[in-house]
Amino acid sequence: MGDMEGFYMKSPVSCLWVAELEGKVVGMVAAVDQKQPGGAIMLQRMSVDWRCRRCGVGVALGRKVLEFAVTHGYSRVALGTTAYSPAVHKLYLRLGFRCVGVTIEKAIPGANWSLLGQIFYRVYLHQYILDVQNNGITSNKQN
């Protein structure tokens, strides 16, 4: 978070978008190249102001990442989320993602927890993939 412009905007394989309403930022999302075989890009940092949720902001931001993927020749978009809100998962499914796995992580990696700590401090990491080549996603050539 210390140098978002340097990390996301100065690389041709990464980008960051913000959604504004009446001059105020109400959402953001980023796309970052995974530098792995298969041409995947990672959707990261999706966030929408709670007052603007369920108004289409998340869908619009998600579509920007998908258009970026198509424009830059990526074959798929991946993401991981620890969100507990069912609405977040519905958003990703609505965008065309499919959940490919859920893993249980400790809230603090490497920590030794008591049985109660293991129960209450675990995090469910949901992993999603979208194959942009087979989903009819098109680009409008705007970033």
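This is a predicted model, so every value here is computed, not measured.

### Examining the overall build of the protein chain
Assigned secondary structure in the protein chain consists of 4 helices and 6 strands. Put simply, the protein chain runs from its N terminus to its C terminus through helices and strands in the order α-β-β-β-α-β-α-β-α-β. Counting only residues that meet the buried cut, the protein chain has 36% of its 143 residues in that class. Restricting the contact set of the protein chain to residue pairs at least 6 apart, pairs at least 24 apart contribute 59%. Only carbon and sulfur atoms are counted for the fraction: they give 54% of the accessible area of the protein chain, which is about 9200 Å².

### Digging into helix α3 (residues 86-95)
Because each turn of an α-helix spans 3.6 residues, side chains separated by three or four positions end up pointing in the same direction. Of all the residues in α3, the buried ones are H89, L91, Y92 and L95. Taken end-on, α3 shows its buried residues confined to a sector of 155 degrees, consistent with a single buried face. Seen from the buried face of α3, the exposed residues on the opposite side, beyond 90 degrees, are P86, K90 and R94. Close packing links the buried residues of α3 with β3 (40-48), α2 (57-71), β4 (76-81) and β6 (122-131). Directly beyond the C-terminal end of α3, a positive phi value near 110 degrees is found at G96.

### Side note on α2
In this model, α2 (15 residues) spans 21 Å end to end at C-alpha, consistent with the 21 Å of a helix rising 1.5 Å per residue. Looking at α2, one finds that the buried residues are V57, G58, V59, L61, G62, V65, L66, E67, F68 and A69. Each element contacted by the buried residues of α2 is listed here: β1 (14-21), β2 (24-33), β3, β4, α3 and β6.

### Section: unusual backbone geometry
The phi dihedral of E22 is positive, around 55 degrees, even though this residue is not glycine. By the element assignment, E22 lies in the loop between β1 and β2.

### Examining a nonpolar patch on the surface
A surface patch of nonpolar side chains, amounting to about 410 Å² of accessible area, comprises Y84, V102, I104 and Y124. Inspection of the secondary structure puts Y84 in the loop between β4 and α3. For Y84, a relative accessible area of 59% puts it in the exposed group.

### Some words on the environment of I104
With respect to the helices, strands and loops of the structure, I104 is situated in strand β5 (residues 98-106). Separated by 21 residues in the primary sequence, I104 and L125 have C-alpha atoms spaced 6.2 Å apart. Those residues within four positions of I104 in sequence are excluded, and the remaining contacts are R122, V123 and Y124.

What counts, and where the lines are drawn
- Residues numbered from 1 in each chain as written.
- Predicted model: local features only at pLDDT ≥ 70, side-chain atom pairs only at ≥ 80, totals over all residues.
- Heavy atoms only, no water.
- Helix = DSSP H or I, 4+ residues; strand = E, 2+ residues; numbered from the N terminus.
- Buried < 20%, exposed > 50% of the residue type's maximum accessible area, 1.4 Å probe, protein only.
- Contact = heavy atoms within 4.5 Å.
- Areas by Shrake-Rupley, 256 points an atom, 1.4 Å probe, with all protein chains shown as cover.
- Arc of directions from axis to C-beta.
- Expected span 1.5 Å × (residues − 1).
- Patch = residues over 30% accessible without salt bridge, like charges linked within 9 Å, V, L, I, M, F, W, Y side chains within 5 Å.
- Salt bridge = Lys/Arg side-chain N within 4 Å of Asp/Glu carboxyl O.

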